[in-house]
Every structure is written in structure tokens, then in C-alpha cells.
Amino acid sequence: MNSPRSGLARRGFLLATATATAAALALTAGCAGDTGKNADAKNGAAAGSPQRGGTLRAAFPGGGAGETLDPHAANLFVDAARAKALYDKLADFGADLAPVPRLAERWEPNETLDTWKVTLRKAAFHDGRPVTAEDVLYSYRRIADPKGTFRAKASLEPIDLAAGRALDASTVEFKLKRPYAEFPNVLAAFGAYIVPKDTTSFDKPVGSGPFTFGSFTPGKSLVVKRNDAYWEGAPHLDQVEFVVATEESARVSALLGGQVQYAHELSPATARTHEGKGQVQVVRLPGSSMQGFVMKTDRPPFNDPRVRQAFFLIADRKELVDGALSGAGEVGNDLFGKGYQYYPAGLPQRTRDLDRARALLKEAGAENLKVTLDTAPAATGFVEAAGIFKEQAAKAGVTVEVKVGNKDTYWKDILDNGTFASYRSGSMPIESHISQRLLTGSTTNATKWKQKDFDDLYQQAQSTRDEKERAALYERMQRRLYDEGGFLIWGFADWIVATAPAVRGVDAKAPANTLDWARFDKLWLA
Amino acid sequence: MSPHLSWVGRRLLLGLGQTAAVVLFVFALTEALPGDAAVALAGDQPDPERIARIRAALDLDRPAAERFLDWVAGLLHGDLGTSLVSGRPVSGYLAGGLGPTVLLASATLLVLLPLSAGLGVLCARREGGPLDRTLSALTLAVHSVPEFALGVLLATVFGLWLGWLPPTAVGADALTDPAVLVLPVLVLISRPVCTISRLVRAVMIEAMASPYVAQARRYGIGGARVRWAHALPNALAPAAQQLARTCDWLLSGVIVVEALFVIPGLGTVLIDAVAARDVPVVQGMAVVFGVVTVMANLGADLVARRFAPRAEVIA
């Protein structure tokens, strides 16, 4: 008795949803058209020198009532944006993911690259105390506490913190466990913020960032105020309020309705609907997120490099970007970090070649191959991309069975299990990608790429002082991955933020989580 | 003890048992979910060592039964435990989420009850007329629209297109700015108003045709008084029970509406807690939702007894 009724109810649901959505789109499109011209004109007239004052409200997807302002516990984009407003790191990443000095004025290694001297700039915490070498050591030791579970702990692993010391108030000497040419990447690591010595409570956080603490309600709002004494110059805005709106439709509505002036993380479809209509400004941050599949290189069928090469040739990257990312991105070349420092841009772009793929599979004795592709709605476009790849593979005679898993536990589920899975990564330096995911001892080695010669190349690069020679070593590692690695990287998604027309100063080139992303101290209201 | 009191006592005991069952069930279900708080916290950095450390730090390496008994012992002392994610007390989560949700629920009931009773009586009076038919068609149509779609539509039309109402409650305080509640309440009443008004209509028609109404008319009692004082109470008994039954539905509606309009209430807290596998918070929520549902049903049964005592044979 129940099933026919629920069947009908579902049909009603689908129909109503479709109608409502279509109506909503039509309505918003209509209303945007009315005001489009005026807003454009306003834009042109007011773009000029920064103006002081005003409050900006920024909407982010959030972490709910469990949120904390402990910058070392940062996990989400909103955590990173809030931490950036209140705190500083020693360094941060530029648009090409090379480290840029922040609280550290400069850094210099010794001859063997295993001791680094970091000199701090003159900066002060919000309560007036200067930022000293002791604060830096305290912060890093807190993150690296053996009993602690902070995310940046893995990045700080190369440092022997017990041996680190303050040479004077503004100089820290870091002893490393091994030579590490890319050590400044550690100073810029996600969550490696500097807090005042002996801080244990973050109810009323004191940092050295561009804004001071106002008020905080977990899962709802954080208000921060201009820090006039900021070392890099005071922000233009008087105040920023971070509000949490986890539904994308709510963030868009709030932006369109004037309740917020900055909305983080919009879908490509939403962006297209509102782009160029004058009601909102859409900013696409390129290269923010890599999209791909992982093949486990230690088990059949992917333990045969020919099968991996065949899969590289099966993917029609343009179709994947257009279908799974609604065109908001660019095609990948099976290597991480397009546009970043050390990326080998000279390698030929891989394109689909079904004949060659079939031949390779035949050579490997893997005709009529069947693989299970693990995916989950853990990131935008995952399930869609899996469906598209399934069809592309069928054309090469490979049967892909898509298995949709649980999004909350997805990353752990695919780390050691399965053979083929959807994958995504935010921005990080190519060095971090390699050390975290591609070395024999890497903690999140999802492709199970464990190659002694590759590890050696990496260690060699880290003990090479000359940057040119190092770049050559990185290129060798990446060529190796391009030829027979386990990452099938088909695209790079844009990260989409939108602002009210009056907001100025949003950097359109900074990938998410780099220095100029979510830099509210650089924004102003026209 | 009077028979009435013992009936209430029995209902309360039953309710207590139901709540306990709900809590046990929720604990078992959360345990059965793949992954735990450590896995959810690790996110896309599922370093096995880090997960093990988090697990140890959160006491998740202890057996489930032990953790459950600890929690029950705490509950008996009025201690709901602490969140696995933030380490803050669960009672704080409940207190924080309760305000907006209670405000939303009271506003909804305040509009829902008179509106559905009034619509039902109106339709019953004009049975078969154009007004009755229009309202019937309308309620059926509205009832078939899912809350999510209706919410998006209303926010677009009244919030963005016409600009009459705030499209979300982002960053606003519902107490100082009650306008932000209008659209959420509209979405929340959309379905119950349909079911309850149709129910009231049906029972009213039946009651108006009953011998005792005819008798009341023969005594010369006025039409309005017959309708509101004699016939309507008959309809209120099943309506109250229907309302109690929609309580669980309203709770899930609250979840959708809170997400859609960014109201940081209990629904939002629950969703986040489930996603983070924050078991103590989920358990605390289960207790609250269980108690609310039991109390609502108890209240409905009491109302039904008051308005139509004959219904007791059913209870």
C-alpha cells in the first residue's frame, strides 16, 4: 500500500522542484536585467583609490556549533579566513605557491640546508606585546605536541623543535632532522599561525593579524575590528563580520538581498546565472582545486604501468571539465599544480587516444577490463565526473562500475582500500604534494606510489642549494609521474567567490588558501 | 488515585520508555554509521597515525557499551556530556540552538492553529461551493511542493524580486528583526496547514450533519455558536492528534528551513553533529527531540480527551 503512494509523492517532488527552480532562475534573471546597467555604470565611476571605513559581511560555509577560533585547529576555508584576519604566519603562499615572507622578514639556511635562521619583522600582538622568537617556538611546539592532533603537525615534522632556540628576541634558529631546501614551505603551512607564548584559551583570541577580536558565536558569526597598529598598514574596513551559511542558495540569496557583501564558494551554474548582470561581481580564482582520479599502483590492474597509461589516454579532459565542472576550470595534464612554481609547463598536453589505449591494454593482457570506481559527493563534480569517465572508458572497452560511498568518511575509505577513486586537492606547493602523497613514507599516499628512485630524487632536491638545479630535479620527478604515475589529473577547477558591486580589491589571481585569497584587510567599499 | 490520573501516569511512563528507546536506538545507529568523529575530523588528511591519536584523545578506543553507560550515568546527574569536536558541554549546544528553534516553532504554531481551524470551518460552511473547491485545490497543490523548493521560490519572489522581506536570516537577530521569520514560518506552515484544514473541514461537515447539532439547532442556538462551540471541538480532537503527528515532520521541516534561511537552531546543530560524528551532541539532540515528540503526543491525547471524551476507548 505504501509504495505506489511514495512513488507518486516522489514524482510530485521532482516536478515541483523542477518547476520551482526554473521559476526561481527566471525570476532572478529577470530582476538582474533591470538593474544591470546602473550597477555597471557605478562600477566604472567608483573604481579608484581605496576608501576607509564601513563594515563588510562575508558568508562562508561553516563547521557548525563546534567551531573554534584556535588557529591551529583550522580545518575549513572559513577557519583559514578567520585565522588570517586575527593572526599571522611566518610566511604565506603567493599566487604561484612560492612562499612569501610575512612575520618572518627573511630566512637563510646554513651550507648543508639543515639549519635555518629566521629573522622576524617588528610586529605586535593586539595587546601591544611584540612578536618574539619565543612566541614562534611556543606556537610551533604547540602544533607539534606529540599528543596533539593539529593538522599542521605533519608539515612541521622535519623540524627538531627540541633543538630549536631563540638567538635573540627576533631571531629563531630551527634545526632540521635532514636537509630541506624547501623549508620556507613549512613556515607557510596551513594552520601554522603564531599565537602569543603560553596561550591556551581562544575565547578572546589575541593575534598579530590585521583585525582584532570583536565577538564570536560558534556556527553563526565572528566580528573583527580594524587593527590600526598592523605592521603592514591598517585595513581599509572598520569591521568585518564572518557569517556562516552552509547552503549555497542561502549565500547567494543573502548576497543578492544585500545582507552580505562577499559570498565564498559558489557553484559554476550560479555564477553563470549572475555573471555580467551587474548585481554581483563574480571572481573566479584559477588553479584552486585539482580534480582527478587515483589509481593504486601497487595492485591489479594498475600495478601494470601500461594500464595506467591506457587510462591516461582514455580521458577526454575537455568533456570532463565541461560536464563535471560546468566549464569552470581548465584541463589537466596528469600533474599537480598547473601554474605553480616548478610546474613543467613544457610537457605536451595529453589528449584522448582510444586506439593507443586499446593497444596498451591488449599488451598488458587487460582486455575486457572491469574496474570499480569509488566516488562520493565529497566534493563538487565528483559523482558527475565518475559518470562521464565511465562512458569514456566504455568506448575503449573498459567497464567502469561507479560505487558511490559516504561523503563524511570518503577520504579515509579510499586511502588504503579499492583500486580506482575520485580525488581532489586544494592548492599547496608541488613540494608538499610530493612529500605528503608520493614518497614511500608519506602519510596520505593514496596512489601507493612507493618508488625508491623517486624518493632519492626528492631527497636530492632537498639537499640542493641551487634553485635551477632543484627545478631540474623537480622536472625529472614530474616527468616520471607524467609517464607512469597513479594520478589521472584531468582538470583544475576555479574557485568561485562573488561580491556586491561596491566591494573593491578582491584579488582575482590568488588560488584559494594562498596569501591574497580572503584578504579582507585589502578590501574596501566604494 | 483517580482513574484519570492513573491514565496520565501510564501515558507518562510510556513516554519515558519511548524516549529511552529513541536514545538507545540513536546511539546504536550512530555507532553503526561508517567512521567516527576521528575520521570525520581528519577529513581529507586521513593520516592513519593522526586518526589513531584523535581517537585516543577522544576516548573513542573504548568499547561502545562502556561509553553508552557512562553517558547514561551522566544523564542521570543532568550531565549531557561534552562535544567530541569542540570539548564544550552538550548542554551549551542545546541552549544555543533552542532559542531560534523555539521562536520559529512558536511562531509557526501561533499562525498554524487559527489559520487551519478557520480555513477548515470556512470550507465546511461552503461545502462544494467555489470557495471550498478553490481552497481544496490550493491546499492540495501547496502540500505537494517540497519545503526546500517552496523556500527557494519564496525567498526569490519576496526577498529578491519584490524586495519586501529579507531573503535569509543571515547575521540578523530574529527578536529585534522579526521580519526575517516571515518566510521561514510560511514554509513551515505550508504543509501542516493543508492537512489540518482538510481534516477540520471533513470532521466539521460530519459534525454539522449529526443529530446533536440538529438538536442544538432545534433548541434555537445561533448558527455561529453551534459551529464554534458544539461542532468544532469534535474536529479539534483529531486535529490535535494530527498536529502531534506532524510534530516529527515539523522537526525535519525545521532542519530544512534552518539550513535554507540560515537560522542557527537545533536543526542546524543536529545536521552538523551528525556530519562530524559528534555522538554526544547527537545523543543530546535525540533526548530533546524524543521528549518533545512524546510530550506533544501526550498533550494531544489530553486535548482529545478534553474535547471528545468518548475517544478514550481508543487510547
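Summarised in this report is the structure supplied together with it. Note that the structure is a prediction, hence the values are computed from the model and not measured. (Residues numbered from 1 in each chain as written. Chains lettered and ligands numbered in written order. Predicted model: local features only at pLDDT ≥ 70, side-chain atom pairs only at ≥ 80, totals over all residues. Heavy atoms only, no water.)

1. Regarding the overall build of chain A
Consideration 1: Per the secondary structure count, chain A includes 15 helices and 19 strands.
Consideration 2: At 25 Å, chain A has a C-alpha radius of gyration in line with the 24 Å of a compact globule built from 526 residues.
Consideration 3: Dimensions of chain A, computed from the C-alpha atoms along their principal axes, are close to 70 × 65 × 50 Å.
Consideration 4: Going through the 526 residues of chain A one by one, you find that 55% of them count as buried.
Consideration 5: Long-range pairs, those at least 24 residues apart, make up 71% of the contacts in chain A between residues at least 6 apart in sequence.
Consideration 6: Carbon together with sulfur atoms contributes 51% to the accessible area of chain A, which is approximately 21,000 Å² in total.
Consideration 7: Charged side chains of chain A number 67 positive and 63 negative; the gap between the two group centres comes to 3 Å. (Helix = DSSP H or I, 4+ residues; strand = E, 2+ residues; numbered from the N terminus. Rg over C-alpha atoms; globule rule 2.2 N^0.38 Å. Buried < 20%, exposed > 50% of the residue type's maximum accessible area, 1.4 Å probe, protein only. Contact = heavy atoms within 4.5 Å. Areas by Shrake-Rupley, 256 points an atom, 1.4 Å probe, with all protein chains shown as cover. Lys, Arg positive; Asp, Glu negative; His and termini not counted. Charge placed at Lys NZ, Arg CZ, Asp CG, Glu CD.)

2. Focus on the packing of aromatic side chains
Residues and elements named next belong to chain A.
Consideration 1: All chains considered together, the criterion is met by 30 aromatic pairs over all chains.
Consideration 2: Between Phe-174 and Phe-183 the ring centres are 5.6 Å apart and the planes differ by 55°, which places this aromatic pair in the tilted class.
Consideration 3: Classification of Phe-174 by relative accessible area gives buried; the value is 0%.
Consideration 4: Look at Phe-183 and you get buried, because its relative accessible area is 0%.
Consideration 5: Note on Phe-302 and Phe-311: the rings are 5.0 Å apart at their centroids and 85° apart in plane angle, and the pair reads as edge-to-face. (Phe/Tyr/Trp six-rings, centres within 6.5 Å; stacked < 30°, edge-to-face > 60°.)

3. Some remarks on the packing of helix H5 (residues 90–125) of chain B against helix H6 (residues 130–143) of chain B
All names here are of chain B.
Consideration 1: Contact pair H5 / H6: the axes reach a minimum separation of 8 Å and the direction vectors enclose 135°. The angle between H5 and H6 places the two elements in the oblique class. In this structure, H5 meets H6 at a crossing whose hand is left-handed. Taken together, the residues of H6 that come into contact with H5 (itself represented by Leu-119, Leu-122 and Cys-123) are Leu-131, Asp-132 and Leu-135.
Consideration 2: Classifying every residue of the contact of H5 with H6 by side-chain character gives 5 nonpolar, no polar and 1 charged. (Axes fitted to C-alpha atoms, helices over the stretch in contact; angles between N-to-C directions. Parallel < 35°, antiparallel > 145°, perpendicular 65-115°, else oblique. Left-handed = near helix turned anticlockwise from the far one by under 90°. Nonpolar A, V, L, I, M, F, W, Y, C, P; charged D, E, K, R; others polar.)

4. Focus on empty space enclosed by the protein
Residues and elements named next belong to chain A.
Consideration 1: Applying the stated criterion to the full structure yields 6 cavities of 30 Å³ or more.
Consideration 2: In this structure, the largest cavity occupies an estimated 120 Å³ of space.
Consideration 3: Taken together, 15 residues make up the lining of the largest cavity; nearest its centre are Lys-84, Tyr-87, Asp-88, Arg-102 and Leu-515.
Consideration 4: Taken together, the residues of the lining of the largest cavity break down into 8 nonpolar, no polar and 7 charged. (1 Å grid on protein atoms, 1.4 Å probe; cavity = no way out; pocket = protein on both sides within 12 Å on 5 of 7 lines; lining within 4 Å. Points joined across faces, edges and corners; volume = space filled by probe spheres on them.)

5. Re the interface of chain B and chain A
Consideration 1: Chain B puts 44 residues into the contact, and the matching count from chain A is 48 residues.
Consideration 2: Here chain B meets chain A over a buried area of about 3,900 Å², counting both sides, of which 65% is carbon and sulfur.
Consideration 3: Counting across the interface, chain B meets chain A through 3 salt bridges.
Consideration 4: Residue Asp44(B) pairs with Arg151(A) through a salt bridge whose shortest N-O separation is 3.3 Å.
Consideration 5: Every element with two or more residues in the side of chain B that touches chain A is listed here: helix H2 (37–42), helix H3 (48–57), helix H7 (147–161), helix H10 (223–261) and helix H11 (266–275) of chain B.
Consideration 6: Here the element with the most residues in the side of chain B that touches chain A is H7(B); it accounts for 8 residues.
Consideration 7: Looking at the side of chain B that touches chain A, its residues break down into 29 nonpolar, 8 polar and 7 charged. (Buried area = accessible area lost by both parts, 1.4 Å probe. Salt bridge = Lys/Arg side-chain N within 4 Å of Asp/Glu carboxyl O.)

6. As for H11(B)
Residue and element names in this part refer to chain B.
Consideration 1: Taken as a whole, H11 has its buried residues at Leu-266, Gly-267, Val-269, Leu-270 and Ala-273. Along the axis of H11, the buried residues cluster in a sector spanning 160°; they form a single face.
Consideration 2: Backbone geometry just downstream of H11 places Arg-277 in the positive-phi region, at approximately 55°. (Arc of directions from axis to C-beta.)

7. What about the environment of Met285(B)?
Consideration 1: Mapping Met285(B) onto the fold places it in helix H12 (residues 279–307).
Consideration 2: For Met285(B) and Asp36(B), which are 249 residues apart along the polypeptide, the C-alpha to C-alpha distance reads 18 Å.

8. Concerning helix H13 (residues 430–437) of chain A
All names here are of chain A.
Consideration 1: Of all 8 residues in H13, 7 are buried, a share of seventy percent or more.
Consideration 2: All of the buried residues in H13 are Ile-430, Glu-431, Ser-432, His-433, Ile-434, Gln-436 and Arg-437.
Consideration 3: Lining the buried residues of H13 we find helix H4 (153–156), helix H5 (184–187), strand E16 (420–426), helix H14 (452–462), helix H15 (467–484) and strand E17 (487–499).

9. Remarks on the nonpolar core
Consideration 1: If you look at the biggest cluster of nonpolar residues, it comprises 71 residues, and the most contacted ones within it are Leu90(A), Tyr140(A), Ile159(A), Phe174(A), Phe183(A) and Ile434(A).
Consideration 2: Residue contacts for Leu90(A): discarding those within four places in its chain leaves Pro101(A), Arg102(A), Leu103(A), Ala104(A), Trp107(A), Leu120(A), Val136(A), Tyr140(A), Leu187(A) and Ile194(A).
Consideration 3: Of all hydrophobic cores here, the second largest spans 41 residues; its members include Ala169(B), Val180(B), Val185(B) and Val254(B). (Core = buried A, V, L, I, M, F, W, Y, C linked by side-chain atoms within 4.5 Å.)

10. Observations regarding the pattern of salt bridges
Residue and element names in this part refer to chain A.
Consideration 1: Inspection of the entire model under this criterion finds 49 salt bridges over all chains.
Consideration 2: The salt bridge involving Glu-173 is made with Lys-175; its shortest N-O contact spans 4.0 Å.
Consideration 3: Its relative accessible area of 32% is what places Lys-175 among the partly exposed residues.
Consideration 4: The shortest N-O distance in the salt bridge between Asp-334 and Arg-317 comes to 3.0 Å. Of the two residues, Asp-334 is situated in the loop between strand E13 (329–331) and helix H10 (354–363) and Arg-317 in helix H9 (residues 317–324); the sequence distance between them amounts to 17 residues.
Consideration 5: Residues participating in the shared-partner salt-bridge network are Arg-102, Glu-232, Asp-516, Arg-519 and Asp-521.

11. A few points about the sheet that holds strand E5 (residues 115–120) of chain A
All names here are of chain A.
Consideration 1: Judged by pairing direction, the sheet is antiparallel, and its 4 strands sit side by side in the order E4-E5-E7-E6 without closing on themselves. Two strands lie at the open edges of the sheet, namely strand E4 (104–109) and strand E6 (165–168), each paired on one side alone. Neighbouring strand axes in the sheet, compared pairwise and without regard to direction, differ in orientation by 25° on average.
Consideration 2: Here 3 bridges tie E6 to strand E7 (residues 171–175), and the two strands are oriented antiparallel to one another. The residue of E7 that forms the bridge with Asp-168 is Thr-171.
Consideration 3: Packed onto the sheet, helix H3 (residues 133–144) meets E5, E6 and E7 and runs at close to 35° relative to E7. (Pairing = 2+ DSSP bridges.)

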